Amino acid sequence: MNHDKNSPVSSHMTSGQQLKLKEICEIPSFNSVTEHYQHVLGAPQQTADLNSMPAPIRIFGYLFYSVLASCIILFIISLIYRQIHS
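Residues numbered from 1 in each chain as written. Predicted model: local features only at pLDDT ≥ 70, side-chain atom pairs only at ≥ 80, totals over all residues. Heavy atoms only, no water.

S.K.: When you look at the overall build of the chain in this model, what are you seeing that I'm missing?
M.R.: When helices and strands are counted, the chain shows 3 helices and 0 strands. Along the chain, helices (α) and strands (β) appear in the sequence α-α-α when read from the amino end. For the chain, with 86 residues in total, the buried portion stands at 7%. In the structure as shown, the chain presents an accessible area of about 7,500 Å², 65% of it carried by carbon and sulfur atoms. (Helix = DSSP H or I, 4+ residues; strand = E, 2+ residues; numbered from the N terminus. Buried < 20%, exposed > 50% of the residue type's maximum accessible area, 1.4 Å probe, protein only. Areas by Shrake-Rupley, 256 points an atom, 1.4 Å probe, with all protein chains shown as cover.)

Structure, rendered in structure tokens:
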């Protein structure tokens, strides 16, 4: 999430809020391998912010997460149902 001064997100934020957002979104490197991937191979250093993405990508992300959560819940319910009726 690279916010410059012309970004619609950063135009409504103070510099303190932008700094706090940057601190929250950065992924700290906890060992040399992660640091290597971040600096040499170009692995992302920030988490994805779904709210700053275009609407079709946001909708796809929300649908993906909701379908995943629904499948997990249905799987747990089916396990409980099998235990009760076997």
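Here the narrative resumes, following the displayed structure.
S.K.: Quick question: what am I supposed to make of the packing of aromatic side chains here?
M.R.: Remark: the centre distance and the inter-plane angle together describe each pair of aromatic rings, the angle taken between the planes. Scanning all chains against the criterion turns up 2 aromatic pairs. On the numbers, 6.4 Å between centres and 25° between planes, the contact of Phe-60 with Phe-64 is stacked. Of this pair, Phe-60 and Phe-64 both sit in helix 3 (residues 55-84), 4 residues apart, which is roughly one turn of that helix. Taking the relative accessible area as the measure of exposure, Phe-60 reaches 57% and is therefore exposed. Aromatic side chains Phe-64 and Tyr-65 sit 5.8 Å apart centroid to centroid with 65° between the ring planes, which places their arrangement in the edge-to-face category. For Tyr-65, a relative accessible area of 52% gives the class exposed. Put simply, the rings of Phe-60, Phe-64 and Tyr-65 touch in pairs and so form one group of aromatic residues. (Phe/Tyr/Trp six-rings, centres within 6.5 Å; stacked < 30°, edge-to-face > 60°.)

S.K.: Hey, could you run me through a nonpolar patch on the surface in this one?
M.R.: Together, Phe-60, Phe-64, Tyr-65, Leu-68, Ile-72, Phe-75, Ile-76, Leu-79, Ile-80 and Ile-84 make up an exposed nonpolar region whose accessible area comes to about 1,100 Å². Relative to the helices and strands, Tyr-65 resides in helix 3. (Patch = residues over 30% accessible without salt bridge, like charges linked within 9 Å, V, L, I, M, F, W, Y side chains within 5 Å. Salt bridge = Lys/Arg side-chain N within 4 Å of Asp/Glu carboxyl O.)

S.K.: Can you help me understand the confidence of the model for the chain in this one?
M.R.: Any residue range with low pLDDT should be treated as having predicted coordinates unsuitable for detailed reading. Per-chain confidence: the chain averages 75 in pLDDT, with 60% of residues scoring 70 or above. In this model, residues 1-10 is a region of pLDDT below 50 whose contacts with residues beyond four sequence positions or in other chains number 12 contacts. (pLDDT = per-residue confidence, 0-100. Contact = heavy atoms within 4.5 Å.)

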